Amino acid sequence: MASSSRSSGAGRQRGAEAAGAGKQPPTAASAAADAALSGASFLTVAEVAAVMRVSKMTVYRLVHSGELPAVRVGRSFRVSDRAVHEYLRAAFIEAG
């Protein structure tokens with residue numbers, strides 16, 4: 001049983017190197033985005049719904065339509081508090 005169908009640790013390492021081979025060096029835009037996100041705080045869809053006093057379904061619709069930017073983490077979304085406040089400020093209308 002000297003030969004085995006399982007790959008060795010070296011094979012896994014080559015696969016990891018191949019996966020990282022296509023990485024591009026960071027650009028100025030990605031560095032700026034990283035700097036902007038370093039101090040950001042994120043809210044769950046339920047928390048956004050509570051802040052906006054709407055249903056979670058309304059928040060999901062805003063996220064899926066692109067009106068409210070969000071980040072997908074696993075199977076859930078996170079919305080930056082800054083994006084929520086910018087959305088509300090843009091949606092605000094003067095009455096009268």
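(A) Focus on a nonpolar patch on the surface. Together, F42, V71 and V73 give the surface a local cluster of nonpolar side chains, amounting to about 230 Å² of exposed area. Relative to the helices and strands, V73 resides in strand β2 (residues 71-73).

(B) Expanded view of the packing of helix α3 (residues 45-52) against helix α4 (residues 56-65). Running from N to C, α3 and α4 cross one another at 105°; their axes reach a closest spacing of 8 Å. For the element pair α3 / α4, the angle class is roughly perpendicular. Along the contact surface, α3 presents V45, A46, V48, A49 and M52, while α4 presents K56, V59, Y60 and L62. Looking at the contact of α3 with α4 residue by residue, the class counts come to eight nonpolar, no polar and one charged.

(C) Focus on the packing of aromatic side chains. On inspection of all chains with the given rule, the structure shows one aromatic pair. With 6.3 Å between their ring centres and 65° between their planes, Y60 and F77 make a pair best called edge-to-face. Linking Y60 in helix α4 with F77 in strand β3 (residues 76-80), this pair joins segments that are 17 residues apart in sequence. Here Y60 falls in the partly exposed class, since its relative accessible area comes to 31%.

(D) Broad picture of the nonpolar core. Ranked by internal contacts, the top residues of the largest apolar core, which has 13 residues, are V48, M52, V59, V63, L68, V79 and V84. Broken down by element, this core gets its largest block of residues, four residues, from α3.

(E) Structural detail: the sheet that holds strand β1 (residues 42-44). One open sheet holds the three strands; their spatial order is β1-β3-β2, and the pairing between them is antiparallel. What marks the edges here is a single partner per strand, and that holds for β1 and β2. Across this sheet, the average inter-strand angle for adjacent strands is 40°, counted without regard to direction. Pairing of β1 with β3, which is carried by three bridges, proceeds in the antiparallel orientation. Paired with T44 across the bridge in β3 is R78. Against the sheet, helix α5 (residues 81-91) touches β1 and β3, its axis set at about 65° to β3.

(F) Geometry of the packing of α3 against α5. Look at α3 against α5: their axes get within 11 Å of each other, and the N-to-C directions meet at 35°. Considering only the axes of α3 and α5, their crossing is right-handed. Within the contact between the two elements, α3 uses V48, V51 and M52 and α5 uses V84, Y87 and L88. Residues belonging to the contact of α3 with α5 are distributed by class as follows: six nonpolar, no polar and no charged.

Reading guide: rules and limits
- Residues numbered from 1 in each chain as written.
- Predicted model: local features only at pLDDT ≥ 70, side-chain atom pairs only at ≥ 80, totals over all residues.
- Heavy atoms only, no water.
- Patch = residues over 30% accessible without salt bridge, like charges linked within 9 Å, V, L, I, M, F, W, Y side chains within 5 Å.
- Areas by Shrake-Rupley, 256 points an atom, 1.4 Å probe, with all protein chains shown as cover.
- Salt bridge = Lys/Arg side-chain N within 4 Å of Asp/Glu carboxyl O.
- Helix = DSSP H or I, 4+ residues; strand = E, 2+ residues; numbered from the N terminus.
- Axes fitted to C-alpha atoms, helices over the stretch in contact; angles between N-to-C directions.
- Parallel < 35°, antiparallel > 145°, perpendicular 65-115°, else oblique.
- Contact = heavy atoms within 4.5 Å.
- Nonpolar A, V, L, I, M, F, W, Y, C, P; charged D, E, K, R; others polar.
- Phe/Tyr/Trp six-rings, centres within 6.5 Å; stacked < 30°, edge-to-face > 60°.
- Buried < 20%, exposed > 50% of the residue type's maximum accessible area, 1.4 Å probe, protein only.
- Core = buried A, V, L, I, M, F, W, Y, C linked by side-chain atoms within 4.5 Å.
- Pairing = 2+ DSSP bridges.
- Left-handed = near helix turned anticlockwise from the far one by under 90°.

That is the geometry; function is a separate question.
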